[in-house]
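Structural features, examined
For reference, the chains in residue letters:
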Amino acid sequence: MGSPESAEVAGAVEGAGVAEGAGVAASFAEDADARTMAWYVDKGVEILVFIGGVSAIIFIFGIFGFVMKEGAGFIAGSLDLGEFFTSPRWAPTSSYNPTYGALALIAGTASVTGLAMLLAVPFSLGTAIYIAEFATGRIREILKVLVELLAAIPSVVWGFIGLSIMNPLIIDLFNVPVGLSVLNSGIILGLMAAPIMTTIAEDALKAVPDTYREAAEALGATRWQVVFRVVLPAAKNGLVAAVLLGVGRGFGETMAVLMASGHSINIPTSVFDSVRALTATIAAELGETAVGSDHYKALFALGIFLFLVTFIINLTADLVIRGVRKR
Amino acid sequence: MDKERPLAIKTQKLSLWYGTFQALFDVDLEIRGGMITSLIGPSGCGKSTFLRCINRINERLGYVRTAGKVHVLGNDIYAPAVELLQVRKQVGMVFQRPNPLPLSIRDNVLFGYRIHNRDKGRLSKAAGDEIAESALRRVLLWESVKDKLGSPGGGLSLEEQQKLCIARLMPVKPAVLLMDEPCSALDPNGTEAVEELIWELREEYTVLIVTHNMAQARRASDECIFMLMGKVVEHRSTGEMFVTPRHKETADYIEGRYG
C-alpha cells in the first residue's frame, strides 16, 4: 500500500457503493453532454423496435375488438346459437324467414381441411424428412427454395388452378357432373398447406441434435432406423405443431377454397359433393350486405367463430412447440 | 509387454482427407487386442479422425475420402462387400459428450440389441429386462437406475449418462470399443469412475481411447500412440513412452511444452 494509487483503489473498494457512486457522478459532471449522436440513435432504434414488438399485440387485440364489436351483440342477442351450430340452413337473405345455420359451412370447411390434411401431412412430412435427413448439398438447397416458392404462390392462383385445370380433370377422370368439390378444394388446399408444414417440420427435424443421429449410427442403425426410431420421436412435438399450423392454414384459407369448392351450401356425403366454407361465405357475402344488418352481423359471428378456432389451433401448436423447448 | 496378444486393429497406409485437407498421412498401426491403447497428441493431430475411421463413422460427413486399409479382427472393413452394420456391431463407440438417445434408460440400453437382432422377432419383456440389467450391472449403473428404467436417459448426471452410453454397447457384444475423450465432459469424480470402468472392461474388449489428459493416458492405458500432424510419431507401451520417449516431439508433448 505504498503508492497513492493503490491507497485510492483500496479506499474505493472499502467505500463500496457510496464512494463509487460519487466518483461516477463527479466524472459525469465534468462533461455534462456525454450523450453523443450514437446514444440518440441507440435510443431511437430501441423505441422503434419496441413499437414494432408491441404493435403485434395491439393489432391482435384491435382486430379481435373490431370483430367482437360487430358480431358480439348479435351473438348475445338475436342469434340462436343452437340453430347456428346444428342447422345446415344458411339463408340470411331470405325475406320472410332468414336462418343462420352454420353447420353446413362448418362441415364444408372441416371436410375440405380434413381432406387437405390427409393429403398434405404424408407429403410434407416425407419432404421434410428427405430435406432434413437425406438430401445433401445442392439438392437440399434447391428443394428448400422450391418449397418456399410454393408457399409464395398467391391463393387466387391456386383457386384458378382448381377452377380451370382440376375441375375438367376431375369431371373426366371420375365421370362426375361437377368438378368443383371437396376433392378439388381439398387437393388445392393440401398443396397450399404443404409448404408451410414442410418448412416447420423440417425445422423440427433440424432441431434434433446431431449427436443423437451419430450415436444411433455408431450403434449400427441404418439411416431409416435413425429416422424412425430416434429423429421422429425426438421431433414429435415439432411435427405435431407443424400439422396443427397446417390445419390452421386450411381453416383460414378463403380464396382458393371459394373458387374450387363449388360454393354451394351442403353437408357433403362424398368427396365429389360441392361445399361452401366459412371463410368463403364471409368473403362472398360481406360486400353485398347492408352494414349493421343482421346478415352483416351474422357474417361477423362466423368471423368470431373462425377466429376462435384458428386461435385455439395456433395456441395449441405454440404450446406444443414450447413443450419441446422445455425438455 | 505381452506380444502374444492377437492383433485387433491393423491399418496400412491409412490416409484421410476432409475435402482437400489431408488429416491423416499413411498411418500404419498395429493395435493389440484385450488391452487399452491410448491415442495422444495435440489438438488437430488426427487422433479423433483416426479413431473415427475404425468404425467408419467418419463417413457421415459426405466430404470425407479415405485411402489405405483398416483391418479389424482380420477383416478389411473398407472392403466393398462389407456391411456398415457389421462393422459397427464389432466396433462400439463412446463419444466425447455423453449422448444418450432421447429414449428411456431401458430403451437406450436395448437400442443396439434391437437393431442387430431384428430377425429374432420381438424382444420379450423378460428377456429385455435381463439384457438391460446385465448391461447396466456391467457398467456399475444398475443400483442407481434400477428404479427408474423408464425415465429418459438424458435426465441422468453426465457421469451416469456416459456409463449408460457404454452400457448400450454391451448387448451388441462388440470386440473393440472406441472412446473419444470419454471423460472430458465429466468432473474429477466422474472421470475417475468412468476410467475405473474402462480399466475393468479391458479384460473383454480392445479399448482404443483418445485423450487430451496425459495423466489419464499414463495411468489408464497399456500402450500409447503419439500422433502429430496426422502422422504416428511413436507407438509403445505406456510405461516406456512416458519414461523414455524415443522422439523429441513426444518428450516435448508429454512434458507439456506444447499441446
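**Observations concerning the overall build of chain B**
What chain B contains, in helices and strands, is 10 helices and 10 strands. The globule rule puts the C-alpha radius of gyration for 259 residues at 18 Å, and the 18 Å found for chain B is close to it. Of the contacts formed within chain B by residues at least 6 apart in sequence, a portion of 68% connects residues at least 24 apart.

**Here's the deal with the pairing of strand E6 (residues 91-94) of chain B**
Residues and elements named next belong to chain B. Alternating positions in E6 separate into two faces, Val 91 and Met 93 on one and Gly 92 and Val 94 on the other, with burial throughout. Bridge count for E6 against strand E7 (residues 176-180) is four bridges, and the pairing is parallel. Among the inter-strand pairings, Val 94 is bridged to a residue of E7, identified as Met 179.

**Some details on the sheet that holds strand E4 (residues 64-72) of chain B**
Strand pairing within a sheet occurs via backbone hydrogen bonds; the two strands may be parallel or antiparallel. The sheet built from four strands is open, its strands ordered E2-E1-E4-E5 (chain B) with antiparallel pairing. In this open sheet, the two edge strands, each paired with only one partner strand, are strand E2 (21-32) and strand E5 (75-76) of chain B.

**A look at the sheet that holds strand E10 (residues 231-237) of chain B**
Residue and element names in this part refer to chain B. Spatially, the six strands line up as an open sheet ordered E6-E7-E8-E3-E9-E10, and their pairing is mixed. Both outer strands of the open sheet, E6 and E10, are each paired with one neighbouring strand and no more. For this sheet, the mean angle separating the axes of adjacent strands, direction not counted, is 20 degrees. Of the strand pairs in this sheet, strand E3 (residues 36-40) and strand E8 (residues 206-210) are connected by four bridges, and their pairing is parallel. In the sheet register, Thr 37 faces E8, and the bridge partner there is Leu 208. Helix-sheet contacts for helix H7 (residues 188-201) involve E3, E7 and E8, and the interaxial angle to E8 is about 145 degrees.

**Quick notes on the packing of helix H9 (residues 210-218) of chain A against helix H10 (residues 223-234) of chain A**
All names here are of chain A. Where H9 contacts H10, the two axes come as close as 10 Å, and the packing angle between them is 150 degrees. Compared by their axis directions, H9 and H10 come out roughly antiparallel. In the crossing of H9 with H10, the sense of the turn from one axis to the other is right-handed. Only Gln 225, Val 226, Val 230, Val 231 and Ala 234 of H10 make contact with H9, whose side of the interface consists of Tyr 212, Arg 213, Ala 216 and Glu 217.

**Quick notes on the pairing of E7 of chain B**
Residues and elements named next belong to chain B. Of all five residues that make up E7, five are buried, and the element is covered over most of its length. Residues of E7 alternate between two faces, with Val 176, Leu 178 and Asp 180 on one and Leu 177 and Met 179 on the opposite face, all of them buried. Note that E7 and E8 share five bridges and pair parallel. Paired with Val 176 across the strands is Thr 206, a residue of E8. A crossover links E7 with its parallel partner E8, the connecting element being H7, and its sense is right-handed.

**A short note on the nonpolar core**
With 149 residues, the main nonpolar core has Met 197 of chain A together with Ile 54, Val 176 and Leu 208 of chain B as its most contacted residues. Examining the composition of this core, we find that 15 residues originate from one element, helix H5 (residues 103-134) of chain A, more than from any other. Leaving out residues up to four positions away in the same chain, Val 176 of chain B has contacts with Ala 8, Ile 9, Ile 54, Val 72, Gln 90, Val 91, Tyr 205, Thr 206 and Leu 208 of chain B.

**Quick look at unusual backbone geometry**
Residue and element names in this part refer to chain B. You will see that Arg 56, though not glycine, has its phi angle at about 55 degrees, which is positive. We classify Arg 56 as buried; it has 20 C-beta atoms within 10 Å. The backbone phi angle of Lys 173 is positive, close to 55 degrees, even though this residue is not glycine. Structurally, Lys 173 is set in the loop between helix H6 (158-167) and E7. Using a count of 14 C-beta atoms within 10 Å as the deciding quantity, one classes Lys 173 as partly exposed.

**Concerning the interface of chain A and chain B**
On the side of chain B, 19 residues touch chain A, which itself brings 15 residues to the contact. Of all the secondary structure elements, the ones that give two or more residues to the side of chain A that touches chain B are H9 and H10 of chain A. Of all the elements, H9 of chain A adds the most residues to the side of chain A that touches chain B, at seven residues. Considered class by class, the residues forming the side of chain A that touches chain B number nine nonpolar, four polar and two charged.

Quick notes on the rules
Residues numbered from 1 in each chain as written. Chains lettered and ligands numbered in written order. Predicted model: local features only at pLDDT ≥ 70, side-chain atom pairs only at ≥ 80, totals over all residues. Helix = DSSP H or I, 4+ residues; strand = E, 2+ residues; numbered from the N terminus. Rg over C-alpha atoms; globule rule 2.2 N^0.38 Å. Contact = placed C-beta atoms within 7 Å. Buried ≥ 20, exposed ≤ 12 C-beta atoms within 10 Å, placed from the backbone. Pairing = 2+ DSSP bridges. Axes fitted to C-alpha atoms, helices over the stretch in contact; angles between N-to-C directions. Parallel < 35°, antiparallel > 145°, perpendicular 65-115°, else oblique. Left-handed = near helix turned anticlockwise from the far one by under 90°. Right-handed = clockwise from strand over helix to strand, strands pointing away. Core = buried A, V, L, I, M, F, W, Y, C linked by C-beta atoms within 7 Å. Nonpolar A, V, L, I, M, F, W, Y, C, P; charged D, E, K, R; others polar.

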